[in-house]
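# Residue-level structural notes
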Amino acid sequence: MLSVRDLGVAFGMVQPLSGVSFSVGKGETLGIVGESGSGKSLTAMSVMGLLPLSGGRITGGTVEFDGQDLTKLPERAYRKLRGGRIGLITQNPMTSLDPLKKIGPQVDDVAKLHLGLDAAAARARTEEILGTLRIPEPALICDRYPHQMSGGMKQRIVIAMALTADPDVLIADEPTTALDVTVQAQIIRLLDDLVKDRDLALVLITHDMSVVAQTCDKVVVMYAGRAVEHGPVEAIFDHPRHPYTQALIGCIPRGLVEAKRLTGIEGTVPTVVNYPDGCPFHPRCPRAQAVCATEPPAFSVAGDSAAACHFAEVAHAEPA
Amino acid sequence: MILRYTFQRLLMLIPVSFSISVVIFMIVYLLPGDPIDNLLRVGSSAEDRAELVARYGLDRSLFVQYFVWIGNMFRGEFGDAIVLRRPVADLVAQNLPYSLTLGGLAFLFSSTVGMALGTISAIVRQPVLDRLMRGFILLGSTVPGFWLALLLILFFSVNLGWFPVSGAGGWQALVLPVLTIGFGGVALVARVTRVALLDAQREDFVTLLHAKGLSSGTILFRHLMPHALLPVVTILALRIGWILGGAVTVEFVFGRPGLGSLLIRALGQRDYPVVQACLLMLALAVMLGTLIGDVAQAAMDPRIREKKS
């Protein structure tokens, strides 16, 4: 359904994103994981064609959706896709809705724009979609303002907006990060059900490996604006071959009785202007050798998955 | 809801008006000088003086004087001007229309042109235009009105002869004063509009509006403008008070009648009743402006409506 190949993004002279590839089909969930600053949200904005908003541009690669290359799509045609066939769920539901407008009209917009409905029919569609998202009393909710609702409820509204026009692809950029843990689980389950019920292609962007394990079919692990490992979720979790993936998995808390201390990853993601030469992860990598600092690693393929590490084979031999 | 809110705001104006009336009443007594001195002819006796003081009630205690004054105000009796020897109400009625016309036009000019310029400079991302705008805004906020008035008179009246140098006859006489007062307002409104629009553009929800497939134009007019208007309306409401009082020096330079010139003249002559009436009008205008601003804010922003009512 959606296939991104070798995507590169630049802001002026800096190149925060390069060589990102993934694809996702109907009824499939793809997870994009990585720490903050690894380029996950930029990837989402590139697919939505919204980079110009923040002054960025796509410098290379293709974003193929339903047989057409979106990077070459004129803005007018792109607008029909946005909210119509590709839905976006943003990070922070507290600030994602216009605080001056009632909920109803904000959701109605989508049906009016993409389904060509009049005001009454659009409202009916809005209430219907709110109902399917298990939002109680849709008619009442439509008459509310965003500040009168909880974060979880607002995120459901945002999801409702993304779903109103019955899209093929849904891009969820950290949809649960700003929510309470209990609400997080609800939203994740909701998204999971939607993928199954509506045969959606879901791109789930998150920094939480446990969310990936619960919901995704495929994973792309990103670090410093590059994909470092990708493959089916079982393969990645059972045999992570990139040291960064291994470290991320090591950060998942397991059970209440834990003999080992929870591990973290030393250091932080480099900022765009400080991307190191060679393998971007080498300064923080426990397995780094001299070659890592000079040669960018190529993907080493094993079955369905691939890892960009000089020592992927070695790493595979001794999983973390 | 909005009606209840308006009523609450109106109630709050009662204590505010009371305090203002006390301040206005007292402030004239803090001024040095005495209007009676202006009325007495050279060589008048102490008896003449005492008689005048008694006639205007100036011999009674401040406390009594205040209540007599405020009581008269409530009955719409502003009394007689001591020096000008005419009813204060007449003086105000005669001058008020000039101030209202000038201030109202300047207000319209600065709000429409200011908002248009601010919007253009926020959405047209062009370095040259942006620098021009910022230069203009800086000039507009810093150049004093009386100086600008003199420059305009020199150029348009003396050199080009397009508009009269002073006076209040015909629309031509209004052009330069309106430009003078409006200039600062245009700059102020343009600056606030520009910043508010740029801020609104950076809000998270704008991304989602684009993601819904809305066009940039729709987003600007239906979503960004209402947000930008919130601070702009506050600024404009505060300037409503200026409609009456902001023109003081400009009225003076252009030799126009008006509340400002009346106030200046009355101050010079220590004409207490006139000063008090003028100040009261100005204070009322400011209070009215604030009220309008608050109510407009509440009408536009549901969050404010809820918090305060």
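Our subject in this report is the structure included herewith. (Residues numbered from 1 in each chain as written. Chains lettered and ligands numbered in written order. Predicted model: local features only at pLDDT ≥ 70, side-chain atom pairs only at ≥ 80, totals over all residues. Heavy atoms only, no water.)

### Quick word on the overall build of chain B
A tally of regular secondary structure across chain B gives 14 helices and zero strands. Across its three principal axes, chain B shows a C-alpha extent of roughly 85 × 55 × 30 Å. Contacts spanning at least 24 positions in sequence make up 74% of the contacts within chain B whose residues lie at least 6 apart. A total accessible area of about 15,800 Å² is found for chain B, and carbon and sulfur atoms account for 69% of it. Here chain B contributes 25 positively and 18 negatively charged side chains, and the mean placements of these two sets differ by 11 Å. (Helix = DSSP H or I, 4+ residues; strand = E, 2+ residues; numbered from the N terminus. Contact = heavy atoms within 4.5 Å. Areas by Shrake-Rupley, 256 points an atom, 1.4 Å probe, with all protein chains shown as cover. Lys, Arg positive; Asp, Glu negative; His and termini not counted. Charge placed at Lys NZ, Arg CZ, Asp CG, Glu CD.)

### Topic: the overall build of chain A
For chain A, the helix and strand inventory stands at eleven helices and twelve strands. In terms of overall size, chain A behaves like a compact globule, its C-alpha atoms giving a radius of gyration of 20 Å where 320 residues would be expected to give roughly 20 Å. Projecting the C-alpha coordinates of chain A onto the three principal axes gives extents of approximately 65 × 50 × 35 Å. In chain A, which comprises 320 residues, the proportion classed as buried is 52%. Within the structure as shown, chain A displays about 13,900 Å² of accessible surface, and the carbon and sulfur contribution to it stands at 53%. Of the side chains in chain A, 30 bear a positive and 36 a negative charge, and the two mean positions are spaced by 5 Å. (Rg over C-alpha atoms; globule rule 2.2 N^0.38 Å. Buried < 20%, exposed > 50% of the residue type's maximum accessible area, 1.4 Å probe, protein only.)

### A word on the pairing of strand β1 (residues 2–11) of chain A
Residues and elements named next belong to chain A. The element β1 is extensively covered by neighbouring structure, given that seven of its ten residues are classed as buried. The pairing of β1 with strand β2 (residues 14–24) spans six bridges and is antiparallel. Bridge assignment links S3 to a residue of β2, and that residue is S23. Between β1 and β2, which follow one another and run antiparallel, lie two residues, and G12 among them has a positive phi close to 60°. The pairing of β1 with strand β4 (residues 57–65) spans seven bridges and is classified as antiparallel. Looking at the pairing, A10 lines up with R57 of β4. (Pairing = 2+ DSSP bridges.)

### Focus: the packing of aromatic side chains
In this structure the tally under the stated criterion is twelve aromatic pairs over all chains. For the ring pair A:Y223 and A:F281, a centre distance of 5.0 Å and an interplane angle of 80° mean the geometry is edge-to-face. Placement of A:Y223 in strand β9 (residues 218–223) and of A:F281 in the loop between α10 (243–250) and β11 (299–302) is noted, with a sequence separation of 58 residues between them. Ring centres of B:F25 and B:W69 lie 5.4 Å apart, and the angle between their planes is 35°; this geometry places the pair in the tilted category. Taken together, the residues span a long stretch of sequence, with B:F25 in helix α1 (residues 2–30) and B:W69 in helix α4 (residues 62–74) at a distance of 44 residues. Using a relative accessible area of 9% as the deciding quantity, one classes B:W69 as buried. (Phe/Tyr/Trp six-rings, centres within 6.5 Å; stacked < 30°, edge-to-face > 60°.)

### So, the sheet that holds β9(A)
All names here are of chain A. The eight strands lie next to each other as β6-β7-β8-β3-β9-β10-β12-β11, forming an open sheet whose pairing is mixed. Across the chains shown, the open sheet's two edge strands, defined by having one partner strand only, are β6 (86–89) and β11. The mean inter-strand angle of the sheet, taken between neighbouring strand axes irrespective of direction, is 20°. Strand direction decides the pairing type here: β9 and strand β10 (residues 226–232), joined by six bridges, are antiparallel. By the bridge assignment, K218 is partnered in β10 with P232. Seen against the sheet, helix α6 (residues 151–163) touches β6 and β7 (169–173) and runs at an angle of roughly 170° to β6. (Axes fitted to C-alpha atoms, helices over the stretch in contact; angles between N-to-C directions.)

### Brief notes about the packing of helix α12 (residues 259–268) of chain B against helix α13 (residues 272–300) of chain B
Residue and element names in this part refer to chain B. In the contact formed by α12 and α13, the axes pass within 9 Å of each other and the chain directions differ by 145°. For α12 against α13, the interelement crossing comes out left-handed. Packed against α12, whose contacting residues are L259, L262, L263, A266 and L267, the element α13 presents V274, V275, C278, L279, M281 and L282 at the interface. Class assignment for the residues of the contact of α12 with α13 results in eleven nonpolar, no polar and no charged. (Left-handed = near helix turned anticlockwise from the far one by under 90°. Nonpolar A, V, L, I, M, F, W, Y, C, P; charged D, E, K, R; others polar.)

### Quick notes on the pairing of β4(A)
Residues in a regular strand project their side chains so that they alternate between the two faces of the sheet. Residue and element names in this part refer to chain A. In this sheet, strand β5 (residues 68–69) lies alongside β4 in antiparallel orientation, the contact comprising two bridges. Looking at the pairing, E64 lines up with D69 of β5. Hairpin geometry of β4 and β5 is characterised by an intervening segment of two residues between the two adjacent antiparallel strands and by a positive phi of about 50° at D66.

### Comments concerning the nonpolar core
Among the nonpolar cores identified, the biggest contains 91 residues, and A:L2, A:F22, A:I157, A:I159, A:I171, A:L191 and A:V203 are the most heavily contacted of them. Ranked by the residues each element gives to this core, the list is headed by α6(A), at eight residues. Residues B:A81, B:L91, B:L96 and B:L263 belong to the second largest nonpolar core, which totals 19 residues. (Core = buried A, V, L, I, M, F, W, Y, C linked by side-chain atoms within 4.5 Å.)

### A closer look at the sheet that holds β2(A)
Two modes of strand pairing occur in sheets, parallel and antiparallel, and in both the strands are linked by backbone hydrogen bonds. Residue and element names in this part refer to chain A. Strand order across the open sheet formed by four strands is β2-β1-β4-β5, with antiparallel pairing between neighbours. In this open sheet, the two strands that pair with only one neighbour each are β2 and β5. Its contacts with the sheet place helix α1 (residues 40–48) against β1, β2 and β4, and it is angled at close to 70° to β2.

### As for the interface of chain A and chain B
When the parts come together, some accessible area is lost, and that loss is often what is quoted as the size of the interface. In this complex, chain A contributes 28 residues to the contact, which on the side of chain B involves 21 residues. When chain A packs against chain B, the two sides together hide about 2,200 Å² of surface, and 62% of this comes from carbon and sulfur. Where chain A touches chain B, the interface holds two salt bridges. When the shortest N-O distance is used, the salt bridge between A:D109 and B:K212 registers 3.5 Å. Where chain A touches chain B, the interface holds ten residue pairs in polar contact (both at pLDDT 80 or more). When contributions to the side of chain A that touches chain B are tallied by element, the ones reaching two or more residues are α1, β6, α3 (103–114) and α6 of chain A. Ranked by residues supplied to the side of chain A that touches chain B, first place goes to α3(A) with five residues. For the side of chain A that touches chain B, the class distribution of residues is 14 nonpolar, nine polar and five charged. (Buried area = accessible area lost by both parts, 1.4 Å probe. Salt bridge = Lys/Arg side-chain N within 4 Å of Asp/Glu carboxyl O. Polar contact = N/O pair within 3.5 Å; in protein donor to acceptor, adjacent residues only side chain to side chain.)

### So, unusual backbone geometry
Most of the time, phi is negative for any residue but glycine, and the peptide bond is trans. Here A:E137, not a glycine, exhibits a phi torsion of approximately 50°, which is positive. Among the secondary structure elements, A:E137 is positioned in the loop between α4 (119–132) and α5 (138–142).

### Regarding the packing of helix α9 (residues 204–211) of chain B against helix α10 (residues 216–245) of chain B
All names here are of chain B. Where α9 contacts α10, the two axes come as close as 10 Å, and the packing angle between them is 155°. It follows from the interaxial angle that α9 and α10 lie roughly antiparallel. The handedness of the crossing between α9 and α10 is right-handed. Listed contacts from α10 to F205, V206, L209 and H210 of α9 are S216, I219, H223, L224 and H227. (Parallel < 35°, antiparallel > 145°, perpendicular 65-115°, else oblique.)

### A few points about α6(A)
A rise of 1.5 Å per residue sets the reference length of α6(A), with its 13 residues, at 18 Å; its end C-alpha atoms lie 18 Å apart and thus fit the reference within 8%. Counting buried residues in α6(A) gives 13 out of 13 residues, a clear majority hidden from the surface. (Expected span 1.5 Å × (residues − 1).)

### Here we look at empty space enclosed by the protein
All names here are of chain B. In the structure shown here, the tally under the stated rule is five cavities of 30 Å³ or more. Of the pockets and cavities examined, the largest cavity occupies roughly 90 Å³. What lines the largest cavity is a set of eleven residues, and nearest its centre among them are A106, F107, I181, R239 and W242. Sorting the residues of the lining of the largest cavity by element identifies α5 (88–123), α8 (172–201) and α10 as the ones contributing at least two each. In terms of residue count, the dominant contributor to the lining of the largest cavity is α5 (four residues). (1 Å grid on protein atoms, 1.4 Å probe; cavity = no way out; pocket = protein on both sides within 12 Å on 5 of 7 lines; lining within 4 Å. Points joined across faces, edges and corners; volume = space filled by probe spheres on them.)

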